[in-house]
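A structural walkthrough
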Amino acid sequence: MADVSVLNVKLYGRVIGTLTHVQGDRTLFSFTEDYIADGHRPTLGLGFKDDLGGLITNHAATQVRVLPFFSNLLPEGHLRDYLAERAGVNPLREFFLLWVLGRDLPGALTIELAEGEAWPPGTGDKTGERNQSRENALRFSLAGVQLKFSALGDTKANKGLTIPAEGVGGSWIVKLPSARFKSVPENEFAMMSLARLIGIDVPEIDLVDLTAIKNLPEGLGDLTGKAYAIARFDRTPDGPVHIEDFAQVYGVYPENKYKSASYRNIATVIGAEGSDADIEEFTRRLVFNTLIGNADLHLKNWSLIYRDRRTPSLSPAYDFVSTIAYIKDDEAALKYARKRRFDALDADELAYLAGKAHLPEKPVLDTAKETVARFHEAWAREKTHLPQAKSVTEAIDAHLERLPLVKL
Ligand SMILES: Nc1ncnc2c1ncn2[C@@H]1O[C@H](COP(=O)(O)OP(=O)(O)O)[C@@H](O)[C@H]1O
Ligand SMILES: [Mg+2]
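What comes next is a walk through the structure. Keep in mind that this is a model prediction, so the values were computed, not measured.

For the rest of this paragraph, the subject is the environment of Leu105. Inspection of the secondary structure assignment puts Leu105 in the loop between α4 (94-101) and β5 (109-113). Residues Leu105 and Leu74, 31 residues apart in the sequence, show an inter-C-alpha distance of 7.9 Å. Setting aside chain neighbours within four positions, we find Leu105 in contact with Leu73, Thr110, Ile111, Arg232, Asp234 and Arg235.

The next point concerns the environment of Thr236. Here Thr236 is to be found in strand β12 (residues 235-236). Distance from Thr236 to Ser171, taken between C-alpha atoms, is 7.7 Å for residues 65 residues apart in sequence. Engagement of the side chain of Thr236 in a polar contact is seen with the backbone oxygen of Gly239, the distance being 2.7 Å.

A turn of α-helix holds 3.6 residues, and therefore any two residues three or four places apart point the same way. Along α4, 8 of the 8 residues are buried, which leaves the element largely enclosed by surrounding structure. Those residues of α4 not exposed but buried are Glu94, Phe95, Phe96, Leu97, Leu98, Trp99, Val100 and Leu101.

Across the sheet, which stays open at both edges, the 6 strands sit in the order β9-β11-β8-β6-β7-β10 with mixed pairing between neighbours. Of all the strands in the sheet, the pair left with one neighbour each is β9 (205-209) and β10 (213-214). Bridging between strand β6 (residues 148-153) and strand β8 (residues 172-175) involves 4 bridges; their strand directions are antiparallel. Paired with Lys148 across the bridge in β8 is Lys175.

Let us now look at the coordination of the magnesium ion (ligand 2). Here the magnesium ion (ligand 2) is held by the protein donor atoms Asn301 (OD1) and Asp319 (OD), which lie 2.1 to 2.2 Å from it. Linking Asn301 in the loop between α9 (276-292) and β15 (303-306) with Asp319 in the loop between β16 (313-314) and α10 (347-356), this pair joins segments that are 18 residues apart in sequence. Across the pair, exposure class does not vary: Asn301 and Asp319 are buried alike.

Quick look at the packing of aromatic side chains now. Enumeration over the complete set of coordinates arrives at 19 aromatic pairs. Consider the rings of Tyr263 and Tyr336, whose centres lie 5.5 Å apart with planes at 40 degrees: the pair is tilted. Of the two residues, Tyr263 is situated in helix α8 (residues 263-273) and Tyr336 in the loop between β16 and α10; the sequence distance between them amounts to 73 residues. Through pairs of rings, three or more aromatic residues link up here, namely Phe29, Phe31, Tyr35, Phe48, Phe69 and Phe70. If you follow Arg41 out to its NZ or CZ, it ends over the ring of Tyr35, 5.8 Å from the centre. For the cation-ring pair, Arg338 lies above Tyr352, with the distance from its terminal atom to the ring centre recorded as 3.9 Å.

Conventions and cut-offs
Residues numbered from 1 in each chain as written. Chains lettered and ligands numbered in written order. Predicted model: local features only at pLDDT ≥ 70, side-chain atom pairs only at ≥ 80, totals over all residues. Heavy atoms only, no water. Helix = DSSP H or I, 4+ residues; strand = E, 2+ residues; numbered from the N terminus. Contact = heavy atoms within 4.5 Å. Polar contact = N/O pair within 3.5 Å; in protein donor to acceptor, adjacent residues only side chain to side chain. Buried < 20%, exposed > 50% of the residue type's maximum accessible area, 1.4 Å probe, protein only. Pairing = 2+ DSSP bridges. Donors = N, O, S within 2.8 Å, 3.2 Å for Na, K, Ca; no water. Phe/Tyr/Trp six-rings, centres within 6.5 Å; stacked < 30°, edge-to-face > 60°. Lys NZ or Arg CZ within 6 Å of the ring centre and 35° of its normal.

Here it is as structure tokens:
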């Protein structure tokens, strides 16, 4: 086994940096000279910018893990363990996980071995069986927790989705039903549909029969029902669009996605970097997710998108689920500004959040009021037509009773 391995970090196909694995299971990241010298360089992430907008080029070596920015590109939890096992890689050794999974990452990034073997040393023999698991592993390479994969497919007219054999290149994300909780795909589809109805920026979504998905890997256990599909906003016919999530923005490892920063901190970045429309959109999403009881709106469920390759704006919405029907919870995933309880979000907390995040108060409060009004109207009209389980509807109705926000 060679002592040193190098992975190229590519942004829009151009090598902009390298991750180098050296003795002692340490990894070093550095930008290429060419990228450093480029005055019009495409942005990799806000966390790489210093206070004057320059590029931060000194990065401490990490051991076993990679820098939080790169760690956040990898799947978490069970999904990571499952993939790592299939690929024959230790789930803690992130350099090797990137080596294996780097071809279909969020945004316009790819990470590929500079030269040499396609698979890390020590990941087993080259028998057909092992190769099959590796290919299967690649099909699930997307970040997050829920079992999911990229899929190729057409719009509504042609409902079939196909998982590409190599796991790379799909423009949809398909999330499979959960073995633990009932009807999560229906819940997510319903919440995202409602979000769209009240004016939130939601990509094309669909609920698909598992039987309509071609090429589903085997060995997934007894899955029944429907899967949730969402069009990837980081894939367009003109090529990939770069995105980063707020754990990356703040340089926080994925396991700290429920702490280390608050909604006020997210708002500060959006206020400083985004447009007035982004501030309104942020407010709509914060209010909406409080109303539906989404206790999982953590740092990784907010992303920035770089449509012109340099300037961030708030990405379209994703991963809105009413979680309170599954796990009773009085608190949001992050603190609003001072408080965390769902019932603490009122005009006062919103005004405080806006002030601390340097957002203009009036548009925030006006947008919040409008969102509540639109929600009432859409919920009353649609709740019996949307596909979420009855228990979810009941949990939301009970939750709304306890929220001062509804009287905003
Ligand atoms: N429509 C989308 N387009 C592009 N990237 C997406 C989209 N939806 C989710 N993602 C990315 O995939 C990750 C996992 O998706 P998410 O829906 O949050 O799954 P999970 O329920 O596992 O957290 C997100 O953190 C985000 O980076
Ligand atoms: Mg998520």
